[in-house]
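Chains, contacts and geometry: an overview
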Amino acid sequence: MTKRVALYTRVSQDSQTTENQRRELLAVAERNGWEIVAEFSDHGISGSKGRDKRPSYNALMKAVARREIDQVATWAVDRLGRSLQDLVAFLTEVNAKGVDLYLHQQALDTSTPSGRAMFGMLSVFADFERELIRSRIKAGLARSTKRAGRPPLDPLKVKKVEKLLRSGVSIDATAKKARVGVGSVCRIKARMQNLQEAA
């Protein structure tokens, strides 16, 4: 049975051309007896852009979803996306529809046993990368939590502020005399008022 193949090419700059990518992929298709049923090409669009910003890539994924093709052929992994996670997400999506992937530069063909094994290894690395990112985020949150909030005021300073406020000294003057921030004095005064009201 002839394999129905879609070509996907992409260049980041408008001044570049996808013709070299296309020529090599057509030669591979001819050698393997593939039938090219569709060609998708994004010009002047970075591989870091999402699917919604890459119209031809989006159209390719719709063709995959409708099972109009048996295999996607592209020149290199960075034509599909800029990260390992992008590639694994793409591979997972096409695999779910029974569609294979051919990457010319990486010599990856998921229709072969060695290609499927390589895909399995890529998935492991992507999981590892995700775990590293997750652990970095957790470590960052832990550090920021330790730094969050003000250290509590020295109890002796709190007593001094309370004494000054009770004797009628203004908030600004109390802050200067006790060598604490105006905000701290305001909080202490509010707490003192709350205690008086509750008494």
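The notes below deal with the structure included here.

About the criteria used
Residues numbered from 1 in each chain as written. Predicted model: local features only at pLDDT ≥ 70, side-chain atom pairs only at ≥ 80, totals over all residues. Heavy atoms only, no water. Buried < 20%, exposed > 50% of the residue type's maximum accessible area, 1.4 Å probe, protein only. Helix = DSSP H or I, 4+ residues; strand = E, 2+ residues; numbered from the N terminus. Pairing = 2+ DSSP bridges. Right-handed = clockwise from strand over helix to strand, strands pointing away. Salt bridge = Lys/Arg side-chain N within 4 Å of Asp/Glu carboxyl O. Contact = heavy atoms within 4.5 Å. Axes fitted to C-alpha atoms, helices over the stretch in contact; angles between N-to-C directions. Arc of directions from axis to C-beta. Phe/Tyr/Trp six-rings, centres within 6.5 Å; stacked < 30°, edge-to-face > 60°. Lys NZ or Arg CZ within 6 Å of the ring centre and 35° of its normal.

With that settled, consider the pairing of strand S1 (residues 4-11). Counted residue by residue, S1 has seven buried out of eight residues, so it is predominantly covered. Direction of pairing for S1 relative to strand S2 (residues 35-43): parallel, over a ladder of eight bridges. Bridging across to S2, leucine 7 finds its partner in glutamate 39. For the crossover from S1 across helix H1 (residues 19-32) to S2, the handedness is right-handed. In this structure, S1 lies alongside strand S3 (residues 71-74), joined through four bridges in parallel fashion. Bridge pairing in S3 links leucine 7 to alanine 73.

Once that is clear, we can look at the pattern of salt bridges. Under the definition given, this model contains eight salt bridges. The shortest N-O distance in the salt bridge between lysine 53 and aspartate 52 comes to 3.6 Å. Summarising the burial analysis for this pair, lysine 53 and aspartate 52 share the class exposed. For glutamate 162, the salt bridge is made with arginine 166, and the minimal N-O distance between the two is 3.9 Å. In this pair, glutamate 162 and arginine 166 are both assigned in helix H6 (residues 155-166), four residues apart and thus about one turn of the helix distant. Residue classification places glutamate 162 among the buried residues on the basis of a relative accessible area of 16%. Under the relative-accessibility criterion, arginine 166 is labelled exposed at 60%. Salt bridges sharing common partners tie together Glu19, Arg22 and Glu39.

Pairing is mixed in the open sheet, where five strands are placed in the order S2-S1-S3-S4-S5. Both edges of this open sheet fall to S2 and strand S5 (108-109), since each of them pairs with a single strand only. Strand contacts of H1: S1, S2, S3 and strand S4 (100-103), with the helix running at about 160° to S1, the strand carrying the most contacts. Contacts from helix H2 (residues 55-65) reach S1, S2 and S3, with the element oriented near 150° to S2.

Glancing now at H2. Of all the positions in H2, only Ser56, Tyr57, Leu60, Met61, Ala63 and Val64 are classed as buried. The arc enclosing the buried residues of H2, seen along the axis, measures out at 155°, which places them on a common side. At the exit of H2 stands arginine 67, carrying a positive phi of roughly 55°.

Here we take up the packing of aromatic side chains. By convention here, two paired aromatic rings are described through the distance between centres and the angle between planes. Under the criterion given, the structure shown has three aromatic pairs. Ring geometry for tyrosine 57 against phenylalanine 90: centres 6.0 Å apart, planes inclined by 35°, an arrangement best described as tilted. Here tyrosine 57 is found in helix H2, whereas its partner phenylalanine 90 is found in helix H4 (residues 84-96), with 33 residues between them in sequence. Relative accessible area serves as the criterion here: at 2%, phenylalanine 90 is assigned to the buried category. The positively charged end of arginine 54 is found above the aromatic ring belonging to tyrosine 57, 4.2 Å away from the centroid.

Turning our attention to the environment of arginine 22. Mapped onto the elements, arginine 22 comes out in helix H1. Judged by its relative accessible area of 29%, arginine 22 falls in the partly exposed class. Along the primary structure arginine 22 and serine 41 are separated by 19 residues, whereas in three dimensions their C-alpha atoms are 9.4 Å apart. When sequence neighbours within four positions are dropped, the list of residues in contact with arginine 22 reads Thr9 and Glu39.

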